[in-house]
Amino acid sequence: MSEPVLQRAIDESLHDGLRQARAASPTAIDADTGAVVVLRYAEVERLAHDPRVLGVGLSFFDFMGIGDSELRRWYGSLMFTNEGEPHHRLRRLVARAFTPRSVERHRAWARQLASEKLSQLADIGEGDLVDLFADLPIAVICRLLGVPDGEVGRFVKYGDALSPVFGLMTAEQIQEASDALVELTVEVDRIVAERSAHRDDDLISDLLDAEEDGDRLTREELVTMVGNLIVGGHDTTASQIHCTLLTLLRHPDSLHFVRDGEASATDIVNETIRFEPSIPFVPRTLAEPVDIGGVERPAGSLVFLSTASANRDDSVWDDPETFRPQRFAQPDAPRLLSFGSGPHYCLGAALARMTLEEVVATFAEPSRELAPLFDLDGADWREVLGRSPAALPVTRRG
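Residues numbered from 1 in each chain as written. Predicted model: local features only at pLDDT ≥ 70, side-chain atom pairs only at ≥ 80, totals over all residues. Heavy atoms only, no water.

Draft legend 1. Molecular detail of helix α15 (residues 265-275). With ten of its eleven residues buried, α15 lies for the most part within the structure. Among the residues making up α15, those that are buried are Ala265, Asp267, Ile268, Val269, Asn270, Glu271, Thr272, Ile273, Arg274 and Phe275. Buried positions along α15 lie against α1 (13-24), α13 (219-250), α14 (254-259) and α17 (349-363). (Buried < 20%, exposed > 50% of the residue type's maximum accessible area, 1.4 Å probe, protein only. Helix = DSSP H or I, 4+ residues; strand = E, 2+ residues; numbered from the N terminus. Contact = heavy atoms within 4.5 Å.)

Below, the structure is given as structure tokens:
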């Protein structure tokens, strides 16, 4: 079988490349890394549940030559980079505290933040939606954790510096991440110490009390987990907010579906994630030989599960190249794969969804109508952990 070579793009041409490759073969070869790119929905879902398909662990750190260091030790201890019982143990304990119910307690706060930001833009008359919403996800995460509002700015800085650790970094990014990790660890350790002495109504207090059969998170594990939540939920959600807002600017009529009750903010969020995702690929490695696309791939192979491709697979989705606001209002809509499947399903999915829903609901308010100040077909794109438009300058309508 001849597999196409995929040149990954971060802008909208990403979808053209994936569509062409998917039509030719169930898999492609990534031009930059040589990884096997899995393109079709059924195969992506199957492999996400295959116990032989693991996270990348420290593979990227090995590739970048990052040896024994605090950054490597921290990254290697994250739930994200562990497998088997160590992963399941951390996940079980954290899931007892980090529940959809704990997230819902902060929905009003997320709505208030989104409303305040759009009100700021209305007062000024114009602004950049990327700058405006860049810190909203981490502000919500900090409120959930119990970080004082006045300290959020520092955590934005830590999140910006540490977000690239989930991919390939430059020497400068490695140093910035290492420096930020030292500062973040000190900050989080201080807050954990305060909550150890005096519990509050926040996630850190809940994590301190999380227990299963006598097992609890150690102090070091808790500090690491809080850092993981901050870094893992910062750029990914902010980038998806920007992708979602670009999509809504391109399809302004879709907001009428929310206003008229024909589609919910949740439906719109699902469709914008399907149509324009911030995270298009999920990296994995093979612990054993696995048949992928009709070819046995050897153990140690790097694999990219392309959820961006799977979520436009026309064997599963009706008219997948069209943005349809009501798609997920239908009871038979396929399952969105963007938050993963199996043991590595995103633990922060409920928080990311809630934040996005409140941004969309606020953006859809009739008094918030905005007009773009840029060519909607010529937006520049950037990539940190997630991909997103680099800027979204807009002005108030009327």
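That covers the picture; the talk isn't over yet.
Draft legend 2. Summary view of the sheet that holds strand β6 (residues 282-286). With mixed pairing, the six strands of this open sheet are ordered in space as β1-β2-β3-β9-β6-β4. Where the open sheet ends on each side, the last strands, each with one partner, are β1 (5-6) and β4 (53-54). Relative to strand β9 (residues 302-305), β6 runs antiparallel, the two being bridged by four bridges. Note on β9: the bridge partner recorded for Pro283 is Phe304. (Pairing = 2+ DSSP bridges.)

Draft legend 3. Broad picture of the packing of aromatic side chains. Going through the model one piece at a time under the given rule, you end up with seven aromatic pairs. Ring centres of Phe155 and Tyr158 lie 5.5 Å apart, and the angle between their planes is 75 degrees; on these two criteria the pair is classed as edge-to-face. Residue Phe155 and its partner Tyr158 are located together in helix α10 (residues 152-162), separated by three residues, close to a single helical turn. Just as Phe155 is buried, Tyr158 falls in that class too. Members of the aromatic cluster, each reached through a chain of ring pairs, are Tyr41, Trp317 and Phe328. When the ring centre of Phe281 is taken as origin, the NZ or CZ atom of Arg8, which lies over that ring, is 5.6 Å away. Geometry around Trp317 places Arg274 over its ring, the cationic atom sitting 5.6 Å from the centre. (Phe/Tyr/Trp six-rings, centres within 6.5 Å; stacked < 30°, edge-to-face > 60°. Lys NZ or Arg CZ within 6 Å of the ring centre and 35° of its normal.)

Draft legend 4. Molecular detail of α1. Compared with the 16 Å implied by 1.5 Å per residue over twelve residues, the 17 Å span of α1 between its first and last C-alpha is a close match. Along α1, the residues that are buried comprise Leu14, His15, Leu18, Ala21 and Arg22. For α1, the arc enclosing every buried residue in end-on projection is 135 degrees, short of the 170-degree limit, so these residues lie on one face. Seen from the buried face of α1, the exposed residues on the opposite side, beyond 90 degrees, are Gln20, Ala23 and Ala24. Looking at the packing, one finds that the buried side of α1 touches β1, β2 (27-30), α15, α16 (307-310) and β12 (387-389). (Expected span 1.5 Å × (residues − 1). Arc of directions from axis to C-beta.)

Draft legend 5. Here's a closer look at the sheet that holds strand β5 (residues 126-128). Here we have three strands laid out as an open sheet, ordered β5-β13-β10, and antiparallel in their pairing. Each end of this open sheet is capped by a strand with a single partner; those strands are β5 and β10 (370-372). The mean inter-strand angle of the sheet, taken between neighbouring strand axes irrespective of direction, is 30 degrees. As paired elements, β5 and strand β13 (residues 393-396) share three bridges and run antiparallel to each other. From the neighbouring strand, Gly127 faces β13, where its bridge partner is Val394. (Axes fitted to C-alpha atoms, helices over the stretch in contact; angles between N-to-C directions.)

Draft legend 6. Geometry of the side chain of Thr272. Topologically, Thr272 is positioned in helix α15. Given a relative accessible area of 0%, Thr272 falls into the buried group. A distance of 3.0 Å separates a polar side-chain atom of Thr272 from the backbone oxygen of Val269. The residues contacting Thr272, other than those within four sequence positions of it, are Gln240, Thr244, Thr247, Leu248, Pro277 and Phe323. (Polar contact = N/O pair within 3.5 Å; in protein donor to acceptor, adjacent residues only side chain to side chain.)

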